[in-house]
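Residue-level listing of the chains:
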Number of protein chains: 2
Amino acid sequence: MDIASNPKPHDRLADALAEDMAAVNVLIRERMKSEHAPRIPEVTAHLIDAGGKRLRPMLTLAAARLCGYQGSDHVKLAATVEFIHTATLLHDDVVDESKQRRGRPTANLLWDNQSSVLVGDYLLARSFLLMVETGSLRVLEILSNASATISEGEVLQLTAASDLKTDESIYLQVARGKTAALFSAATEVGGVISGAPDDQVAALRAYGDGLGVAFQIADDLLDYQGDSAATGKNVGDDFRERKLTLPVIKAVAQATEEERAFWVRTIEKGNQQDGDLEHALELMGKYGTLEATRLDAVAHAERAKQALSALPDSDMRAMLMDLADYVVDRLS
Amino acid sequence: MDIASNPKPHDRLADALAEDMAAVNVLIRERMKSEHAPRIPEVTAHLIDAGGKRLRPMLTLAAARLCGYQGSDHVKLAATVEFIHTATLLHDDVVDESKQRRGRPTANLLWDNQSSVLVGDYLLARSFLLMVETGSLRVLEILSNASATISEGEVLQLTAASDLKTDESIYLQVARGKTAALFSAATEVGGVISGAPDDQVAALRAYGDGLGVAFQIADDLLDYQGDSAATGKNVGDDFRERKLTLPVIKAVAQATEEERAFWVRTIEKGNQQDGDLEHALELMGKYGTLEATRLDAVAHAERAKQALSALPDSDMRAMLMDLADYVVDRLS
């Protein structure tokens, strides 16, 4: 396939929003400064400069554009969303003791855990100041709620990840915390700032939620069946880290007594041996849980597109529809 | 002195605000809940139940009362302030690897660093939701700014604490971050929510700032001359932890070449031997820096009282005046 003539939906979005995103990047640089503590912009720049797809701020810009917004507050909100995301990554890498992020050593490794915790706190505070500047209490409520759901989901994951009692509804709650809460808040505030009618705002929120859940399920599925050259991750990292994700949860739910003992040993007790990952993949194959997981992701992506159909047709809407397809198309 | 007939200003304040504080405590319990992650209220309760003086929420309640406030939003703001403070403590204990807080093992020790980081994040998000409920963008701006100053001050302390180039202005910035930023925001929002005129709001803010800086200087001074039975801390903890505080900064500023070499070895390089703390105290004695530090604290307390004199006289004002005196009286 010729990439130039058939770019990925994400790249087409980036193209269409290039001017706004440039303004977002300028604002991010400006607001990550600190009058007194130079380490703050150093740590932030390390993460921000590493790139990342900037998907979340693009969702805010796209939602605002979709609703015909003419002002400039969407740029502030997009920067807010990226700050919240960056703060979350800084804290996550401390929580997970991660060593790599976006192909570079993590901030907690280059500086220390202290800097990552405190710079994350600083960025959160700055993100709230940006929101205050928009003068919208509704925006503040939506993004504060998203922040609470994010940390709640992370705490839940802390206690539920290696617990075989974790079922699909707990998994979904964690996925919302890790991904969908910020996706849906990002699209929702784009609608709110545009003064879009309530049903459109609700549709944008539902789109972000469906997209975010599909995205997280896809991510967890790729951990078991991805091409490690393409994903940059090794197959089975989640298994080795004893993280229960959807493909395993579905296999545990149908496990025989003997299979259950296998999951207890490898996930709950973390006593893993050579060949265990292969056996885990066999069990997922036996119950078809990888395919069932893929179908779940597809259903959430469909839900996202369905929601979006409540909005008037436009190029931007088509790109967001394609984005939802793309998240799950890469799975098949 | 008969304690019953001459209670401390803090206890008199607690008495006068007992009804409001009871409402604050109910609200804190209610809002620290989590639908999905029971670990969140567990960790929060561990810290909240340990007591602490609840000085910061009392400052908000007192400021609102002082301005004749008749509504109920001051209770929400007081709970907000306590949530921000609790989140800061959770993160600080991770940053400092602390083992004890309020006479109990720290949350990072009882659970883990992960829980402390994430529960702190959750409480910050909840505190913003509480503020949104008051509908005041100005309150949101003041407390977001305080949050930014807090983390900025902590980051600054991380890099400046053992660096002999740290001067009194950097020390003051750190003290504002550690203590005065939240004190001054706490009193300021009490005025704002009451609809007090700008000059009164500014006076309340200045009072909180003076009180907070005096409080932090006093704390740092007591580290060198406190009665360890009363403070619960060992004399010289800051010296052993290589934290430059005002008494040492003043001694470094006047040091001979030989004395400077001593500070470089003990603080910058952290190479400490038996007798070093005693020698450090000798040098502080030689330049009278403990007394000079005490006089600085007194000056900030005086500044706090001076600011408060812009407000109409009342019992509440008298108690806040006495509180400023008390912070420094315990030093002499």
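The structure reproduced in this document is the subject of the present report. (Residues numbered from 1 in each chain as written. Chains lettered and ligands numbered in written order. Predicted model: local features only at pLDDT ≥ 70, side-chain atom pairs only at ≥ 80, totals over all residues. Heavy atoms only, no water.)

### Quick notes on the overall build of chain A
Thinking step 1. Along chain A, the regular secondary structure elements total 17 helices and 2 strands.
Thinking step 2. With the C-alpha coordinates of chain A rotated into their principal frame, the extents come out at 60 × 50 × 40 Å.
Thinking step 3. Within chain A, one finds 35 positive and 51 negative side-chain charges whose respective centroids are separated by 2 Å. (Helix = DSSP H or I, 4+ residues; strand = E, 2+ residues; numbered from the N terminus. Lys, Arg positive; Asp, Glu negative; His and termini not counted. Charge placed at Lys NZ, Arg CZ, Asp CG, Glu CD.)

### A closer look at the packing of helix α13 (residues 246-253) of chain B against helix α16 (residues 289-308) of chain B
All names here are of chain B.
Thinking step 1. Closest axis-to-axis distance for the α13/α16 pair is 9 Å, and the angle between their directions is 125°. Considering their axes alone, α13 and α16 lie oblique with respect to each other. Read as a crossing pair, α13 and α16 show a hand that is right-handed. On α16, the residues touching Leu-246, Pro-247, Lys-250 and Ala-251 of α13 are Thr-289, Leu-290, Ala-292, Thr-293 and Asp-296.
Thinking step 2. Considering only residue class, the contact of α13 with α16 consists of 5 nonpolar, 2 polar and 2 charged. (Axes fitted to C-alpha atoms, helices over the stretch in contact; angles between N-to-C directions. Parallel < 35°, antiparallel > 145°, perpendicular 65-115°, else oblique. Left-handed = near helix turned anticlockwise from the far one by under 90°. Contact = heavy atoms within 4.5 Å. Nonpolar A, V, L, I, M, F, W, Y, C, P; charged D, E, K, R; others polar.)

### Here we look at the nonpolar core
Thinking step 1. Counting 224 residues, the largest nonpolar core has Trp-263 of chain A together with Trp-263 of chain B as its most contacted members.
Thinking step 2. With sequence-adjacent residues up to four places away left out, Trp-263 of chain A is seen in contact with Leu-164, Phe-239, Val-248, Ala-251, Val-252, Ala-255, Glu-268, Ala-280 and Leu-283 of chain A. (Core = buried A, V, L, I, M, F, W, Y, C linked by side-chain atoms within 4.5 Å. Buried < 20%, exposed > 50% of the residue type's maximum accessible area, 1.4 Å probe, protein only.)

### Some details on the packing of helix α3 (residues 39-49) of chain B against helix α5 (residues 73-95) of chain B
Residue and element names in this part refer to chain B.
Thinking step 1. Orientation of α3 relative to α5, taken along the N-to-C sense of each, is 100°, at an axis distance of 11 Å. Our classification of the angle between α3 and α5 gives roughly perpendicular. Each of Val-43, Leu-47 and Ile-48 in α3 lies in contact with α5, whose residues at this interface are Glu-82, Thr-86, Leu-89 and Leu-90.
Thinking step 2. Its residues placed into classes, the contact of α3 with α5 shows 5 nonpolar, 1 polar and 1 charged.

### Thoughts on the interface of chain A and chain B
Thinking step 1. In this complex, chain A contributes 38 residues to the contact, which on the side of chain B involves 38 residues.
Thinking step 2. Surface buried jointly by chain A and chain B totals about 3,600 Å² across both partners, of which 78% is contributed by carbon and sulfur atoms.
Thinking step 3. Taken together, the links from chain A to chain B amount to 0 salt bridges.
Thinking step 4. Counting residues per element, the ones that place at least two in the side of chain A that touches chain B are α3 (39-49), α5 (73-95), α7 (113-134) and α8 (137-160) of chain A.
Thinking step 5. By residue number, the principal contributor to the side of chain A that touches chain B is α8 of chain A, which donates 14 residues.
Thinking step 6. Looking at the side of chain A that touches chain B, its residues break down into 18 nonpolar, 12 polar and 8 charged. (Buried area = accessible area lost by both parts, 1.4 Å probe. Salt bridge = Lys/Arg side-chain N within 4 Å of Asp/Glu carboxyl O.)

### Examining the relation of the copies chain A and chain B
Each of the two chain copies goes to the other by way of a rotation about an axis and a shift along it.
Thinking step 1. Once chain A is rotated about the relating axis by 180° and shifted along it by 0.0 Å, it coincides with chain B to within an RMSD of 0.0 Å. Within this description, the copies of the chain are treated as partners about a two-fold rotation axis.
Thinking step 2. Most of the interface of chain A is mirrored in chain B, where 100% of its interface residues are also at the interface. (Least-squares fit on C-alpha atoms with pLDDT ≥ 70 in both.)

### Re the pattern of salt bridges
All names here are of chain A.
Thinking step 1. Summed over the entire model, instances satisfying the criterion amount to 44 salt bridges over all chains.
Thinking step 2. One salt bridge in this structure joins Lys-305 and Glu-302, with 3.5 Å as the shortest N-O distance. Taken as a pair, Lys-305 and Glu-302 lie in helix α16 (residues 289-308) at a separation of 3 residues, close to a single helical turn.
Thinking step 3. Overall, Lys-305 belongs to the buried group, its relative accessible area being 17%.

### Some remarks on the environment of Tyr-224 of chain B
Residues and elements named next belong to chain B.
Thinking step 1. As for its position among the elements, Tyr-224 is in helix α10 (residues 198-225).
Thinking step 2. Assessed through its relative accessible area of 4%, Tyr-224 is described here as buried.
Thinking step 3. Sequence separation between Tyr-224 and Val-235 is 11 residues, and the spatial gap between their C-alpha atoms is 5.2 Å.

### Thoughts on helix α1 (residues 9-16) of chain B
All names here are of chain B.
Thinking step 1. If you check which residues of α1 are buried, you get Pro-9, His-10 and Leu-13. In an axial view of α1, the angular spread of the buried residues amounts to 100°, which keeps them on one side of the axis.
Thinking step 2. Packed against the buried residues of α1 are α4 (55-66) and α17 (315-329). (Arc of directions from axis to C-beta.)

### A look at the packing of aromatic side chains
Aromatic ring pairs are defined here through the distance separating the ring centres and the angle between the ring planes.
Thinking step 1. One pass over the structure, following the stated rule, counts 7 aromatic pairs over all chains.
Thinking step 2. Geometrically, the ring pair formed by Phe-183 of chain B and Phe-215 of chain B is tilted, given 5.4 Å between the ring centres and 50° between the ring planes. Placement of the pair is Phe-183 of chain B in helix α9 (residues 168-193) and Phe-215 of chain B in helix α10, with a sequence separation of 32 residues.
Thinking step 3. What makes Phe-183 of chain B buried here is its relative accessible area of 0%.
Thinking step 4. Ring centres 5.1 Å apart and planes at 65° place the aromatic pair Phe-262 of chain B and Trp-263 of chain B in the edge-to-face group.
Thinking step 5. Its relative accessible area of 8% is what places Phe-262 of chain B among the buried residues.
Thinking step 6. Residue class for Trp-263 of chain B comes out buried when judged on its relative accessible area of 0%.
Thinking step 7. Feature note: the residues Phe-239, Phe-262 and Trp-263 of chain A constitute an aromatic cluster, connected by ring pairs.
Thinking step 8. Positioned over the ring face of Phe-215 of chain A is Arg-330 of chain A, at 5.7 Å from the centre of the ring. (Phe/Tyr/Trp six-rings, centres within 6.5 Å; stacked < 30°, edge-to-face > 60°. Lys NZ or Arg CZ within 6 Å of the ring centre and 35° of its normal.)

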